[in-house]
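# Coordinates in review
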Amino acid sequence: MFATATNRVQVRQRGIRGWAIWSAPRPARAMALTVDAVALILGVAAIAFRLDRPQIVLAPLLICAAVAIEGARRVERARHSTGTLHKDLQSAWSLAAALLLPAGVAVVAAVAMYAWWRFRAGRCRPFAWVFSCSMTLLAVLAAGTVYRITESGLHDVPAIGGLSSTLGVLAAAVAYEIVDVALCGALILLLSPGTSRVEAFGDRTTAAIDAAALTFGGLVSILALYEPWAMLLALPGVVLLQRVLLVDQLAAEARTDTKTGLSVAGWWHERASAELAVAQARGTSLAILVADLDHFKRINDAYGHLVGDEVLRAVGDAFAAGVRGKDLAGRFGGEEFVLALPDTDADRAAAVAERLRGRIATLQVPSRVEVPDAEPVRGLTVSIGAAVYPDHADTLDSLLRVADTALYAAKAAGRNRISVAGSPAVGPTSRGADTPVDSDAS
């Protein structure tokens, strides 16, 4: 869950003392160690309290979890190799353990399954594995407690009847998700304070994946209540869904430019066309910005293409961070970028373009990572052309041509300028370099 954030903490791994957690920010370190300690205490207490009770469902549950892990192992390694944040379906079996087993046995089962999952399906830093395991353990204990309280409390309610177990499973799944997402997201934010809430806690897609995994866990539990070995029937569905997740991830990667993290040209064009259709239907405006990094060839010639790629990535990050969530940023190729800004007229488009130009001017990109005292690449400039629907054109291709013409007008006027179609190019102003892009500016 938080591999991307932990990768930013670079420490050579030499035993426990070399774990990256010791160099993490103090709040993140305190939270991780606290969660680990609480999980250890509660886990030991739960094991000591109920471990002597035999459980017939333990063997089939562990076998099913192991088979599911082996069936998804290659898929998970492929997904881990991308280095991106992603979800898996291990919570299905952890939730089943919480619902079917006493607390002590559930703790043992959850730790065993998580250990097998991490060693067979993926790799992560030691402290991240310990924290993830602790987080799973706490989620299992919370889900089991909520299930038993809910089920017993509703069992004798006449209006509920036989739904008490189903409602208990639902409440347990919600409790599991809250603990899992809250702890994971909080640590990501502490490790990387600049991380957005969506990146830390997930979006609708990750929530849907969690819901699917927990639904499988609930179904497995209900099946096991009647026949423990019937949970084998859930295996094909879990393994298949795990493979579907890889397809979705590959599709998302195909829509993303690898150097900048922005949308590729084709995907951006498709999304911008949809936004233009919305603007036409609602009678609102849509601004198109075409930006070109000035003298990019000089950067490649002076520093090399690897540094040039880092510059493109920094510029892409600046564009992505400098627009609203509903705005669309993409890379059209080379050093050219495009943005679509819904509900944006010419004046606001000019303001956004100027602020983006100022944001680029403040960038400093390391030129030689292996040389500590090397001077960074600075003084970057960008020229931006803008066109607005319905003022300048009524189709996306026409808007792009008009914005591109305005871009060349900005370059002809001396570069490091913005130009709105039909207006003269404007150079740096007093509001440029030091003014952050306001989320409401466009």
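Residues numbered from 1 in each chain as written. Predicted model: local features only at pLDDT ≥ 70, side-chain atom pairs only at ≥ 80, totals over all residues. Heavy atoms only, no water.

Looking up the chain in an unreviewed UniProt entry gives the name GGDEF domain-containing protein, with the organism given as Actinocatenispora comari.

### With respect to the overall build of the chain
Along the chain, the regular secondary structure elements total 15 helices and five strands. For the chain, the proportion of its 442 residues judged to be buried stands at 47%. Taking the intrachain contacts of the chain between residues at least 6 apart in sequence as the baseline, contacts between residues at least 24 apart amount to 73%. (Helix = DSSP H or I, 4+ residues; strand = E, 2+ residues; numbered from the N terminus. Buried < 20%, exposed > 50% of the residue type's maximum accessible area, 1.4 Å probe, protein only. Contact = heavy atoms within 4.5 Å.)

### Re the nonpolar core
If you look at the biggest cluster of nonpolar residues, it comprises 36 residues, and the most contacted ones within it are L61, W93, L95, L100, L101, Y176 and M231. Mapped by element, the contributors of at least two residues to this core are α3 (58-80), α4 (91-100), α5 (103-121), α6 (126-155), α7 (164-191), α9 (204-226) and α10 (235-254). Of all the elements, α4 adds the most residues to this core, at seven residues. Counting residues in each nonpolar core, the second largest holds 35 residues, with L262, V307, V377 and V420 among its members. (Core = buried A, V, L, I, M, F, W, Y, C linked by side-chain atoms within 4.5 Å.)

### Notes on the UniProt feature "transmembrane region" (unreviewed entry) in the chain
Here the UniProt-annotated "transmembrane region" (unreviewed entry) positions come out as residues 30-49, 56-72, 92-115, 127-147, 167-192 and 204-223. Counted over residues 92-115, helix gives 92% and strand 0%. Its end C-alpha atoms are 15 Å apart. Between the C-alpha atoms that bound residues 167-192 the distance is 37 Å, and the span itself is 96% helix and 0% strand. (UniProt positions renumbered as here; feature names shortened; annotations may be inferred.)

### Description of the sheet that holds strand β3 (residues 336-342)
Ordered in space as β2-β3-β1-β4-β5, the five strands form an open sheet in which the pairing is mixed. Either end of the sheet is taken by a strand with one partner, and the two such strands are β2 (328-333) and β5 (418-420). Strand-to-strand twist in this sheet, taken as the mean axis angle between neighbours without regard to direction, amounts to 20 degrees. With seven bridges connecting them, strand β1 (residues 286-293) and β3 associate as antiparallel partners. Along β3, the bridge assignment pairs V290 with V338. Along the sheet face, helix α11 (residues 265-282) touches β1, β2, β3 and β4 (382-389) and points at about 135 degrees away from the line of β2. Strands β1, β2, β3 and β4 of the sheet are contacted by helix α13 (residues 305-321), whose axis makes an angle of about 10 degrees with β3. (Pairing = 2+ DSSP bridges. Axes fitted to C-alpha atoms, helices over the stretch in contact; angles between N-to-C directions.)

### A closer look at unusual backbone geometry
With an omega of 5 degrees, the peptide bond between Y389 and P390 qualifies as cis. Relative to the helices and strands, P390 is located in the loop between β4 and α15 (396-412). Even without being glycine, D343 reaches a positive phi, approximately 55 degrees. Take D343: it is sitting in the loop between β3 and α14 (346-361). One non-glycine residue, N416, adopts positive backbone phi at about 55 degrees.

### Describing α13
Compared with an ideal rise of 1.5 Å per residue, which puts 17 residues at 24 Å, α13 spans 24 Å between its outermost C-alpha atoms and is within 8% of the ideal. Among all positions in α13, only V307, G308, V311, L312, A314, V315, G316, A318 and F319 are buried. (Expected span 1.5 Å × (residues − 1).)

### Some remarks on a nonpolar patch on the surface
A cluster of nonpolar side chains, namely L163, L167, L170, V174 and I178, defines an oily patch on the protein surface of about 440 Å² accessible area. Considering the arrangement of structural elements, one finds L167 in helix α7. Among the residues examined, L167 registers a relative accessible area of 32% and is labelled partly exposed. (Patch = residues over 30% accessible without salt bridge, like charges linked within 9 Å, V, L, I, M, F, W, Y side chains within 5 Å. Areas by Shrake-Rupley, 256 points an atom, 1.4 Å probe, with all protein chains shown as cover. Salt bridge = Lys/Arg side-chain N within 4 Å of Asp/Glu carboxyl O.)

### Brief notes about the pairing of β4
Among the eight residues that make up β4, eight are buried, leaving the element largely enclosed by the rest of the structure. Note: β1 against β4, eight bridges, orientation antiparallel. Paired with I288 across the strands is A387, a residue of β4. The sheet contact formed by β4 and β5 spans three bridges and is parallel. Considered in β5, the bridge of G385 is made with S419. For the handedness criterion, the β-α-β arrangement of β4, α15 and β5 is classed as left-handed. (Right-handed = clockwise from strand over helix to strand, strands pointing away.)

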